[in-house]
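Summary of structural features
Spelled out from the first residue to the last, the chains are:
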Amino acid sequence: MSHFRRHSLEPSIDSISGRFRDSLNFQRDHDDVINKPDFRELDFGSLKPRVSSSAAATPAASGSSSSSSGSASGKPSVTSQLAKRSHSGELTETNSAAPGSGAKNRNPKPGHRRSASAGTPLIYSGLAFSPAKNHNSRGGGSGATSPNPGVVPTGNICPSGKIPKTGMATRASVRPETLFTGNGNYGHGNIVRGGGGKANHAAKPETRDPEEVKKAGNEMYKKGNYSEALSLYDKAISMSPENPAYRSNRAAALAASGRLREAVKECLEAVRLDPSYVRAHQRLASLYLRLGEAENARRHLCFSGQCPDQGELQRVQTLEKHLRLCSEARKISDWKKVITEVDAAIANGVDSSPQLVACKAEALLRLHQIKDSDLCLQRLDYHHTQPQTKIFGMVCDAYVLCVQAEVDMALGRFENALVKAERAMKIDHSNNNPEVVSVFNNVTNVAKARTRGNELFTSGRYSEASVAYGEGLKFDAFNSVLYCNRAACWFKLGVWDQSVDDCNQALRIQPGYTKALLRRAASYGKLGRWDEAVRDYEVLRKELPGDGEVAESLQRALLNKSEEHKYLGYNNEVEEVSSLDKFKTATSFPGVSVFYFKSSLNRQSEAISPFINTLCLRYPLVHFFMVDVDESLALAKAESIKKVPTFKIYKEGEKMKEMVCPSHKLLEDNVKHFLL
C-alpha cells in the first residue's frame, strides 16, 4: 500500500514521459470531440450515473485512476457512442469501447486499472484541455499532464464536483449526482452529490431528433392534449418539413380539435409530399365525408386503383344517395323531404357540412320557420370549402352565403344581407349560376325599397312610403318586414282595416312577429274591435312581461271591451228605428251613432244597404240604426229627410254630420273620423 502511495506521489521520469504522450493523445481525441453538440444542448440534470457491475464486484486496484477514468479515459467513449439518445429524447449511457473497436487503450502501467466506482463518465463542459496545468489532490508538485489520480484536465467534470483524494476510489458511491444550474457558488455545469436543492429541477433536454419529437406528440395526442400535440408536431415539421407522416399526424390533431378544414390542408400537403401515402388518403376521405363532400371523399378513398375500405365506401355511397334525393326534393319544393334527407345524412356522420346545414336552413325558411332557420345557421361553424366543390350547381361557399343573405333579409337585417349577396356573386362570378344572380337582384332591390320607404315614412309622406314598401314586395312577396312597415303607413293614414290585413300577412309569414302583433292590436283598437285587441295584447303581455306600455294598452282594451258590451250588448246588426221617441233615445247613446234613412223603392238605398251591414260588423263600437221613410213618415218629416239615402252621424247626443247619397269610402271615412 505504501508502495502504491509512493508511486502516485513521486512518478518516475519514464512514467512522466509516457503520461505526457498520453496527454497529447487525449488532447487530439478531445479536439475530435469538441465539435459535437455543446453542453447547452444536453440535459445534465436528467443523467443519472449508474454503478458499474464490474466496480460492484471487484474493488479498484488503484485510487489514483478514479479521477482520470472520469476524464481522459472517458473521451474515446464520447467520441464513439456517448451521443446516442433514448426514446424520450434523453441521452443514453454507453459501455466502454470493446477490444478491437478501434479505441486506443490508454491504461497506464500494469496494476493501475481504471475504476468505474464513481459512475459513468459525464460529458465535458466544452472547455479546452490545458496540458500545462495540473491539480494534485494532495497539493503536491506540478509537471506534465497525465491521467494520474492527482490530475484533472480543465473543463472535465468529476462525478462528485470535487477533486478526489488518492486511495478513496475503493469506496464506491451510489449517491445520485446532479448538475447544478449555476445559481450557487459551484458555477454553471458543476455536478454535486445528493438529491436535494435546486439541482433536481433541471429542465428536460430539447432533442433535435424529429422522430423523438413526433413520438412525444403522439403521447400527447393519446392523452387528449391536442394543443400540446400540435405544438410538438409543428416542431417536428420545422425540423423535417419534407416528412409527410408529420403532416398527417398534425391533421389528426387538428381534426380532433374540430378544425377540419385545416386538417384537410395538412393531409393535402402530406399527399403532395408523398402521392402514394395511403394513410393520408384515408384520412382525407374520412374528413371529406364529415364535410359532406362525397366526390372528394370517393376520389381519395379509391386513389390509384387502391382497394378501398368497404365500410368507408358504404358511407360514401349513402351520402351520395342522400344528396341526390335532397336535390330532387328541392327542385319540386318538397321542403319537408329536404329536411328529412339532410337529417339522415348528418346521422350518417356528415356532422360538419356547411352546405347541408345551409340546405336545411333554406328549407325552414321556405316553410316560414324563420327563427328556426336563423338558429340553424347560427350553429354553423363555417369554413371556406374548395373552390371546385359544388352543390345544386352552385359553388358551396356561394350557396351558403345566399341562404344566409335570404334569412338576414327575412329578419330585417338588410345591410348584412346585401354584403353576403355581394360576396356570393364574387365567389360564383365565373359560374354565373342563375340562382345566385336571382338572390343578389332580389336582395338589392328589396334593400333599396326598404331604405326609400323608411326615408319617406320619417318625413311624414306615409302614402308614398306605402308605395315604396309595395315595390319591395314585388321582389320578395314573403318579406314580413315590408308588410309590417306598410301596415304602419296604413295606420298613420287611418286605413286600419288594411293595416290589419298587412299585419295578418306578416304574421302568417313569421308567426310571433312582435311588431306586427303590436301594430295589429292597435289597429283593432282603432276599429273598436276590442275582443281581437285584447287577445293580441294578452299574447304580447306573455312575451313582454316587463313592458309597461303593453300592460297599459291591455287594460285600456279591457275597459273599452266592457263598455262595448255594456252599451251594445249583443247588437251585431243594424237596428231599425220606427218612432220619434225611440229615435231621440238612440241619439243620446254614448259614443257614435249612425242613422241610415232609406226607402225600399230606391235603388241607391238597396245598393248601399249591404255595405251598412259590413260597417256594422267592422266597427262594433258604432251604433247603426236604420229608418224606413216609407213606414216612418212622421220621423222622416221631423228630420227633414227629402232624399234617400241620407245619413246622420251623432256623437254623445250631438249631431256631427249629415250626408246625402255618399260613396262607400266617404261614408266609412266619416265613421272612422268621428269614432276617433
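Everything below is about the structure shown above.
First, a word on scope: everything that follows refers to the structure included in this document. A quick note: this is a predicted structure, and the numbers were derived from the prediction, not measured. (Residues numbered from 1 in each chain as written. Predicted model: local features only at pLDDT ≥ 70, side-chain atom pairs only at ≥ 80, totals over all residues. Heavy atoms only, no water.)

Quick look at the environment of Leu554
We apply this condition: In DSSP terms, a helix is any run of H or I states spanning at least four residues, a strand is any run of E spanning at least two, and both are numbered starting from the N terminus. Relative accessibility thresholds used throughout: buried, under 20% of the residue-type maximum; exposed, over 50%; partly exposed, between the two (1.4 Å probe, protein chains only). Any two residues whose heavy atoms approach within 4.5 Å are treated as being in contact.
Mapped onto the elements, Leu554 comes out in helix H24 (residues 548–568). What makes Leu554 buried here is its relative accessible area of 8%. Spatially, the C-alpha atom of Leu554 lies 6.9 Å from that of Glu538, the residues being 16 residues apart in sequence. Apart from residues lying up to four places away in sequence, Leu554 is in contact with Val534, Tyr537, Glu538 and Arg541.

Some details on the pairing of strand S8 (residues 646–651)
Here is the rule we go by: Think of it this way: DSSP has to see at least two bridges between two strands before they count as a pair.
Judged by how many residues are buried, S8 sits mostly within the fold: 5 of 6 residues are covered. Bridge analysis of strand S6 (residues 592–598) against S8 gives 6 bridges, and the strand direction is antiparallel. When the sheet's bridge partners are listed, Val592 is paired in S8 with Lys651. Looking at chain direction, S8 and strand S9 (residues 654–660) are connected through 6 bridges and run antiparallel. Among the inter-strand pairings, Lys648 is bridged to a residue of S9, identified as Glu658. Hairpin connection between S8 and S9: a loop of 2 residues separates the two successive antiparallel strands, and Glu652 in this loop has a positive phi of roughly 55°.

Some points on the packing of aromatic side chains
Two numbers describe a pair of aromatic rings. These are the distance of the centres and the angle of the planes. In plain terms, the rule: Aromatic pairing here means that ring centres of Phe, Tyr or Trp (its six-membered ring) are within 6.5 Å. Orientation follows from the plane angle: under 30 degrees is stacked, over 60 is edge-to-face, and everything else is tilted. Over a ring means this: the NZ of a Lys or the CZ of an Arg is within 6 Å of the ring centre and within 35 degrees of the ring normal.
By the definition in use, this model includes 10 aromatic pairs. Here the aromatic rings of Phe392 and Tyr399 are separated by 5.4 Å at their centres, their planes lie at 80°, and the arrangement is edge-to-face. For Phe392, a relative accessible area of 18% puts it in the buried group. With 5.1 Å between their ring centres and 65° between their planes, Phe457 and Tyr462 make a pair best called edge-to-face. For Tyr462, a relative accessible area of 23% translates into the label partly exposed. Seen from the ring of Trp496, Lys672 lies directly overhead, with NZ or CZ sitting 5.6 Å from the centre.

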